[in-house]
Amino acid sequence: MILFDAIFSQEPQDKVAIRFEQQRISYSELRERTLSVARALSFLNVERGDRVALLLNDSLEFVASFIAISSYGAIAVPVNMGLGFEEQRTILNDCTASVAIAEANLAGVLAAGEQLPSLRTVVVVDREEKSTTETQSAQRRHSDGAAGPRRLWSLEEVLAESVSQATPAFIDPADDQPCCIFYTSGSTGEPKGAVHRQADMFYSNETYCREVLKLRADDRVFSSSRLPFSYGFGNAFCFPLLNGCTTILCREKPNAEVISSVFAEHQPTIFFGVPVIYRLLLDHHRDVARLDFSHLRFCVSAGEALPARLGEEIEAVFGVEVLDGIGSTEMFHMWMSNYQGEVRYGSSGKLIKGYEARLLDPEGKPSPAGAEGNLWVKGASAALGYWNKPEVTAATFVDGWVRTGDLYRQDADGYWYHMGRSDDCFKSSGQWVSPVEVEGALLKHAGVNRIAVVEDFDGNGLPCACAFVIKTNSAADDAWLEEQLKKLAREKLPRFKQPRKYVFVDELPYTATGKIQRFKLRERLKESPRSNVQSPMSATHS
Ligand code: 3UK
């Protein structure tokens, strides 16, 4: 089955597929737009299997481009717009994308950008007149000085040029044909691209969407997690569009105010978020403006564990259930979830039909019933592997099973409980924090001799970073150094990675091989009274 047919063979075609700001885009309009992008791909000499990067906010262009690229047989690579350009460049080079479709503000860096050896064509989406000028001036600068064959187009320009091009034939994908790459940063902090097939999306649609969401024809769904994150992609692209429903897209980075105005204007029936977004929404609803949740049927939470208290509070205030579920980029979407009418807050719910799960002890033997273990999962939506990373692929994808890196236990009723990560990485505001990276940034300060960063929890029970620091000069003033480190962290790190707490110590625990034992520091934090630190509120998941 081709994605294009799966989306556009449904009736009726005049139904609204996308609500985007003031626009209402029907399935037939989206279909026409998709075909025009497909002609543009052919005009730009994109070959089957080529990687086409999408550096776009959630929008009609993102959706039409994705359907066109993957139905054409090329590989779509959505890039998180919340990342810095350095990281975005690492991704473009890792997948060796030859074409990028990008927002106008990236036109300059992409066209002129050094160290992008594979990128030969940049297509820019102009949303405003001002950015048209930006594209044109980048274009001029580029044609004045550029040596390579890279070409900068505006999307409208390339669509106009290719209008007389024959529409390329869409061919059924082979079983192991990649369709898209979703990047995730794992334990080392280095981005890894999980390679997925079109069939993986259909499988999540048949399992999680059919079993748990049970969409209705008139559902309008809205996800505060955006399309380049496979959670957001399943929520706001696959499930609504594969079932003839309406997806509400929002170009802006979704903070409580933006989400609140989307609710007022579009009245979603299902909302998908990460825990910190729910915290923000509840605070906004209480302190700033009331949220119009009158049309909501239920909510979904994923990305990190939803604290039980938060789930209960949402249900009490909004009057609907929150279905916490766990998924991953490697598995494309959810494999465990709470179900409507049988929610247990604090748990990830039950295993979804179509997936298998097993818990192994550190020696690889099955954990005894009821005991904690390393979670492995199996299911047909698993990625083919990581792009161009055979070793990490071999360590994660073993005999059809996928190592999740999560510690879990299962109770006698079949509910699963997340007990943390088996490695030291953790999520804050729904995004990965690699302790090594934070430590590296703060070690630049001469006043720091050694440092270890671990996961702590703020007053709301949401995860945040805590730094244990050994001072270079033990006589230095703690409060002064803390201020200095906070300043450095603000300069070097996004807000969600900045430690919320600093603890000055004389020693750090190490293993015999010289590895820091972060679990001991975490235990220490658990023993001390709950710190009254602020949650990383301003950071939201892209
Ligand atoms: C953690 C959770 C506890 C867990 C994702 C739904 O988060 C997603 O993908 P990522 O690749 O991260 C995967 C890891 O995140 N996690 C996710 N959800 C939960 N931990 N409770 C949860 N409910 O460590 C997992 O291994 O960024 C989530 C659907 C698609 C996704 N990509």
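Relevant structure appears above.
First, a word on scope: everything that follows refers to the structure included in this document. (Residues numbered from 1 in each chain as written. Predicted model: local features only at pLDDT ≥ 70, side-chain atom pairs only at ≥ 80, totals over all residues. Heavy atoms only, no water.)

**Some words on unusual backbone geometry**
Here the bond from Glu11 into Pro12 is cis, since omega is -10 degrees, no more than 30 degrees from zero. Here Pro12 is to be found in the loop between helix 1 (3-8) and strand 1 (16-20). Despite not being glycine, Asp399 shows a phi value in the positive range, around 50 degrees. On the secondary structure map, Asp399 appears in the loop between strand 20 (397-398) and strand 21 (401-410). Residue classification places Asp399 among the exposed residues on the basis of a relative accessible area of 69%. (Helix = DSSP H or I, 4+ residues; strand = E, 2+ residues; numbered from the N terminus. Buried < 20%, exposed > 50% of the residue type's maximum accessible area, 1.4 Å probe, protein only.)

**Section: helix 15 (residues 478-492)**
The end-to-end C-alpha distance of helix 15, which contains 15 residues, comes to 21 Å, matching closely the 21 Å that a straight helix rising 1.5 Å per residue would cover. Of all the residues in helix 15, the buried ones are Leu481, Leu485, Leu488 and Ala489. Down the axis, helix 15 shows its buried residues gathered within 100 degrees of arc, on one side only. Of the residues in helix 15, the exposed ones pointing more than 90 degrees away from the buried face are Ala479, Arg490 and Glu491. Looking at the buried positions of helix 15, the neighbouring elements they touch are helix 14 (435-442), strand 25 (448-457), strand 26 (463-471) and strand 27 (501-504). (Expected span 1.5 Å × (residues − 1). Arc of directions from axis to C-beta. Contact = heavy atoms within 4.5 Å.)

**Details of the sheet that holds strand 25**
The three strands lie next to each other as 25-26-27, forming an open sheet whose pairing is mixed. Of all strands in the sheet, those with a lone pairing partner are strand 25 and strand 27, marking the two edges. Across this sheet, the average inter-strand angle for adjacent strands is 25 degrees, counted without regard to direction. Bridge count for strand 25 against strand 26 is nine bridges, and the pairing is antiparallel. Paired with Val454 across the two strands is Cys466, which belongs to strand 26. Set on the sheet, helix 15 makes contact with strand 25, strand 26 and strand 27; between it and strand 27 the angle comes to about 140 degrees. Strands strand 25, strand 26 and strand 27 of the sheet are contacted by helix 16 (residues 518-527), whose axis makes an angle of about 60 degrees with strand 25. (Pairing = 2+ DSSP bridges. Axes fitted to C-alpha atoms, helices over the stretch in contact; angles between N-to-C directions.)

**Quick word on the site of the ligand**
In the neighbourhood of the ligand, 23 residues make up the surrounding shell, with Ser230, Asp324, Gly325, Thr329 and Asp406 lying closest. A distance of 3.0 Å is found between a nitrogen atom of the ligand and a backbone nitrogen or oxygen belonging to Gly303. Between the ligand and the protein, one listed contact pairs a nitrogen atom with a side-chain N or O atom of Asp324 at 2.8 Å. Against a free-state accessible area of 620 Å², the protein chains account for coverage of 97% of the ligand. Those elements giving two or more residues to the shell around the ligand turn out to be helix 9 (230-242), strand 14 (322-327), strand 21 and strand 22 (416-421). Of all the elements, strand 14 adds the most residues to the shell around the ligand, at four residues. (Near = heavy atom within 4 Å. Polar contact = N/O pair within 3.5 Å; in protein donor to acceptor, adjacent residues only side chain to side chain. Areas by Shrake-Rupley, 256 points an atom, 1.4 Å probe, with all protein chains shown as cover.)

**What to know about the pattern of salt bridges**
Scanning the entire structure with this criterion turns up 25 salt bridges. Between Arg89 and Glu86 there is a salt bridge whose closest N-O contact spans 2.7 Å. Taken together, the residues span about one helical turn, with Arg89 and Glu86 both in helix 4 (residues 85-94) at a distance of three residues. A salt bridge links Asp283 to Arg279, with the nearest nitrogen and oxygen atoms 2.7 Å apart. (Salt bridge = Lys/Arg side-chain N within 4 Å of Asp/Glu carboxyl O.)

**As for helix 3 (residues 60-72)**
The first and last C-alpha atoms of helix 3 sit 18 Å apart over 13 residues, in line with the 18 Å expected at 1.5 Å per residue. Within helix 3, 13 of the 13 residues are buried, leaving the element largely enclosed by the surrounding structure. Gly73, located one to two residues past helix 3, shows a positive phi value of around 100 degrees.

**Considering the packing of helix 3 against helix 9**
At a minimum axis separation of 12 Å, helix 3 and helix 9 run at an interaxial angle of 65 degrees. Our classification of the angle between helix 3 and helix 9 gives roughly perpendicular. The two elements helix 3 and helix 9 meet at a crossing, and its hand is right-handed. Residues Phe62, Val63, Phe66 and Ile67 of helix 3 pack against Phe233, Phe237 and Leu241 of helix 9. Considered class by class, the residues forming the contact of helix 3 with helix 9 number seven nonpolar, no polar and no charged. (Parallel < 35°, antiparallel > 145°, perpendicular 65-115°, else oblique. Left-handed = near helix turned anticlockwise from the far one by under 90°. Nonpolar A, V, L, I, M, F, W, Y, C, P; charged D, E, K, R; others polar.)

**Side note on the pairing of strand 14**
With respect to burial, strand 14 is a largely interior element, five of its six residues being buried. With three bridges joining them, strand 13 (residues 298-301) and strand 14 adopt parallel strand pairing. The residue bridging Val300 from the neighbouring strand is Leu323, located in strand 14. Crossover connection from strand 13 via helix 12 (residues 308-318) to parallel strand 14: handedness right-handed. When strand 14 meets strand 15 (residues 334-337), the two strands line up antiparallel, connected through three bridges. Bridge pairing in strand 15 links Gly327 to Met334. Linking two consecutive strands that pair antiparallel, namely strand 14 and strand 15, is a turn of six residues; a positive phi of about 75 degrees is found at Phe332 within it. (Right-handed = clockwise from strand over helix to strand, strands pointing away.)

**A word on the environment of Val453**
With respect to the secondary-structure elements, Val453 resides in strand 25. C-alpha separation for the pair Val453 and Tyr502, spaced 49 residues apart in sequence, amounts to 9.3 Å. Sequence-distant contacts of Val453, defined by excluding residues within four places in its chain, comprise Pro435, Val438, Glu439, Ala465, Cys466, Ala467 and Arg518.

**So, the sheet that holds strand 1**
In space, the nine strands of this open sheet follow the order 2-1-11-10-12-13-14-15-16, with mixed pairing throughout. Only two strands of the sheet have a single neighbouring strand rather than two, namely strand 2 (23-26) and strand 16 (350-351). Here helix 10 (residues 256-266) sits on the sheet in contact with strand 1, strand 2, strand 10 (220-223), strand 11 (246-249) and strand 12 (270-273), set at roughly 175 degrees to strand 10.

**A look at the environment of Leu30**
Mapping Leu30 onto the fold places it in helix 2 (residues 27-43). Looking at Leu30, the relative accessible area reads 0%, which means it is buried. Spatially, the C-alpha atoms of Leu30 and Val63 are 8.3 Å apart, while their sequence positions differ by 33 residues. Apart from residues no more than four positions distant in its own chain, Leu30 is found in contact with Phe8, Ala17, Ile18, Ile25, Leu60, Val63, Ala64, Ile67 and Leu241.

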